[in-house]
Amino acid sequence: MLPTFSKNKTSLPTLMAWFWALSLVLAPMAYIIIISFMTRGPYGGVVMTPTLSNYTKLFDQGLTPLIAWAFLRSVLMAAATTVLCLLCGFPLALFLVFKSGKYRNLLFFLLVIPFWTQFLIRVYAWMSLLSDNGIFTQVFGTTWLFTYKAIFIGMLYNYLPYMTMSLYVNIEKLDVMLLDAAADLGASQFVKFVKIVLPLTMPGILAGSIMVFIPALGEFVIPDVLGGGKKFFIGNLLAQQFLTARNWPFGAALSVVLIIVVGLSFYLLSRLGKGRELEELI
């Protein structure tokens, strides 16, 4: 006999959802916020002595420009990655929905199969392809490794499926009769795209943008490996504070600032999606 769920009673799935939300999201975030107000130990780690120095350090004359540029590079990189994924993902999603025919499932499978491989392995694979002996150097006659080109290739490759899948789900729901009616009225392919396809897929565009922009904002593995650590982003600065400098409280303070930036970005994108439609999609 199947279990019944009442709106007036808290069901087991609801309790489990709250448990995972509290244990995997809120609790770690609360811990980061708490240690951001603590003191660094003499040999690293955290000493439970309250202080505001980790936040005042953000405004240090020698450190503030470094942090500001790292944030600016990260925002620009995330924005450029989002635009690249949208420009590549939209035609790909349209092709999967309207032109792939009986090969749709196979092509969709090929789109998601890279996720079966560990993220770091995929990044190092691109490091090999972009190296002096890699295929890109042989074809184009120049080394792309440790440049911005290499970083954006790695970002596009790893985040394109997120954008494409969001658009695919939205485009698949399009009413083809609207396109046929527009064609009967003499609308060109461009007009049909601008007047029908683009407005109706806007929730998918915004959802895909969130799924790409937010993780790309804190990315540090791809810039570190494919950029050779020469391009300093906020993710690299955070990793340096936690792993190299062992200054966990200051790293936590930087993390809190990044969380605020991500929250504001999510809020602005949600406002662009007019709230309800985007929330339903996500």
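Residues numbered from 1 in each chain as written. Predicted model: local features only at pLDDT ≥ 70, side-chain atom pairs only at ≥ 80, totals over all residues. Heavy atoms only, no water.

### Looking at the overall build of the protein
Selection criterion: Every helix listed is a DSSP run of H or I at least four residues long, and every strand listed is a run of E at least two residues long, numbered separately from the N terminus. Burial here depends on accessible area, computed with a 1.4 Å probe over protein chains only, as a share of the maximum for the residue type. Under 20% is buried, over 50% is exposed, and the range in between is partly exposed. Contacts were defined at the residue level, with two residues in contact if any of their heavy atoms lie within 4.5 Å.
Helices and strands together make up the secondary structure of the protein, namely 14 helices and two strands. Principal axes of the C-alpha set define a box for the protein whose edges measure 75 × 70 × 40 Å. Here the protein holds 282 residues, and 39% of them are scored as buried. Sequence separation of 24 or more characterises 68% of the internal contacts of the protein that already satisfy a separation of 6 or more.

### Re the nonpolar core
Here is a general trend for soluble globular proteins: nonpolar side chains tend to be buried in one another's company. Here is the rule we go by: Only buried residues count toward a nonpolar core. Its members are Ala, Val, Leu, Ile, Met, Phe, Trp, Tyr and Cys residues joined through side-chain atoms within 4.5 Å.
Within the largest apolar cluster, 58 residues are counted, with the highest numbers of intra-cluster contacts made by Ile67, Leu130 and Leu226. Once you skip the residues sitting within four places of it in the chain, leucine 130 turns out to touch Phe136, Thr137, Thr143, Trp144, Leu145, Ala150 and Ile153.

### A word on the pattern of salt bridges
For the record, the criterion: Salt bridge, as applied in this entry: a Lys or Arg side-chain nitrogen positioned within 4 Å of an Asp or Glu carboxyl oxygen.
Following the criterion strictly, the structure yields one salt bridge and no others. In this structure, the salt-bridge partner of arginine 104 is glutamate 172, at a minimum N-O distance of 3.1 Å. With arginine 104 in helix H4 (residues 104-112) and glutamate 172 in the loop between helix H7 (148-171) and helix H8 (176-184), this pair connects stretches of sequence that are 68 residues apart.

### Some remarks on the packing of aromatic side chains
This is how it is decided: Note on ring pairs: Phe, Tyr and Trp rings are taken, using the six-membered ring of Trp, and paired if centres are within 6.5 Å. Classes follow the plane angle, with under 30 degrees stacked, over 60 edge-to-face and the rest tilted. Think of it as a cone above the ring: NZ of Lys or CZ of Arg counts as a charge over the ring if it is within 6 Å of the ring centre and within 35 degrees of the ring normal.
A full pass over the atoms with the stated rule returns 13 aromatic pairs. Taken together, a centroid distance of 5.3 Å and an interplanar angle of 65 degrees make the contact between phenylalanine 115 and tyrosine 162 edge-to-face. Here phenylalanine 115, found in the loop between H4 and helix H5 (119-129), pairs with tyrosine 162, found in helix H7; they are 47 residues apart in sequence, far enough to count as distant. Under the relative-accessibility criterion, phenylalanine 115 is labelled partly exposed at 30%. Residue classification places tyrosine 162 among the partly exposed residues on the basis of a relative accessible area of 28%. Plain terms: the ring middles of phenylalanine 140 and tryptophan 144 are 4.9 Å apart, the flat faces sit at 25 degrees to each other, and that makes the pair stacked. The class of tryptophan 144 is buried, set by a relative accessible area of 16%. An aromatic cluster is defined as three or more aromatic residues linked by ring pairs; in this entry it consists of Trp126, Phe136, Phe140, Trp144 and Tyr157. Lysine 57 extends its terminal NZ or CZ atom over the ring of phenylalanine 250, reaching a point 4.6 Å from the ring centre.

### So, the packing of H8 against helix H9 (residues 189-200)
Threshold: Here the axes come from fitting lines to C-alpha atoms, over the contacting stretch only for helices, and the angles between their N-to-C directions go from 0 to 180 degrees. Note that the term roughly parallel is reserved for angles under 35 degrees, roughly antiparallel for angles over 145, roughly perpendicular for angles of 65 to 115, and oblique for everything else. Helix crossings fall into two classes, left-handed where the near helix is turned counterclockwise from the far one by less than a right angle and right-handed where it is turned clockwise. Each residue is assigned to one of three groups, with Ala, Val, Leu, Ile, Met, Phe, Trp, Tyr, Cys and Pro labelled nonpolar, Asp, Glu, Lys and Arg labelled charged, and all others, Gly among them, labelled polar.
In the contact formed by H8 and H9, the axes pass within 10 Å of each other and the chain directions differ by 165 degrees. Taken together, the axes of H8 and H9 lie roughly antiparallel to each other. Crossing hand, H8 versus H9: right-handed. Contacts between H8 and H9 involve Leu178, Leu179, Ala182 and Ala183 on the former and, on the latter, Lys192, Ile196, Val197 and Leu200. Among the residues making up the contact of H8 with H9, the classes are represented as seven nonpolar, no polar and one charged.

### With respect to unusual backbone geometry
Although it is not a glycine, phenylalanine 146 adopts a positive phi angle of roughly 65 degrees. Within the element layout of this structure, phenylalanine 146 appears in the loop between helix H6 (135-140) and H7. Located in the positive-phi region is arginine 246, a residue other than glycine, with phi close to 55 degrees. Secondary-structure assignment places arginine 246 in the loop between helix H12 (234-244) and helix H13 (248-272). The exposure class assigned to arginine 246 is partly exposed, which follows from its relative accessible area of 40%.

### Some points on the confidence of the model for the protein
Definition in use: Confidence per residue, as judged by the predictor, is encoded in pLDDT with a range of 0 to 100.
Chain-level statistics for the protein give a pLDDT mean of 85 and a share of 93% at 70 or above. Of the regions scoring below 50 in pLDDT, residues 1-6 engages in two contacts with residues more than four places distant in sequence or in other chains. Every residue in residues 275-282 is under pLDDT 50, and counting partners more than four places away or in other chains gives 16 contacts.

### Some words on the side chain of glutamine 241
Secondary-structure assignment places glutamine 241 in helix H12. Once residues within four sequence positions are removed from consideration, glutamine 241 is found in contact with Arg246, Asn247, Trp248, Phe250, Gly251 and Leu254.

### Re helix H3 (residues 64-98)
We count it as follows: The length a helix should cover is 1.5 Å for every residue beyond the first. Note on bend: the value at a residue is the angle between axes fitted to the seven residues ending there and to the seven starting there.
Spanning 35 residues, H3 covers 50 Å between terminal C-alpha atoms, matching the ideal 51 Å at 1.5 Å per step. Maximal helix bending in H3 amounts to about 30 degrees, located at glycine 89; proline proline 91 follows within four positions.

### Focus: the side chain of lysine 192
Short version of the rule: Only four residue types enter the tally: Lys and Arg on the positive side, Asp and Glu on the negative side; His and the chain ends are excluded.
When you line up the elements, lysine 192 lands in helix H9. It is aspartate 180 that comes nearest to the buried, bridge-free lysine 192 among opposite-charge side chains, at 6.3 Å.

### Quick look at the environment of phenylalanine 108
Relative to the helices and strands, phenylalanine 108 is located in helix H4. The partly exposed category is assigned to phenylalanine 108, whose relative accessible area is 25%. Taking C-alpha positions, phenylalanine 108 is 8.8 Å from methionine 165, a pair spaced 57 residues apart along the chain. Beyond its immediate stretch of four places on either side in the chain, phenylalanine 108 contacts Leu96, Met165 and Tyr168.

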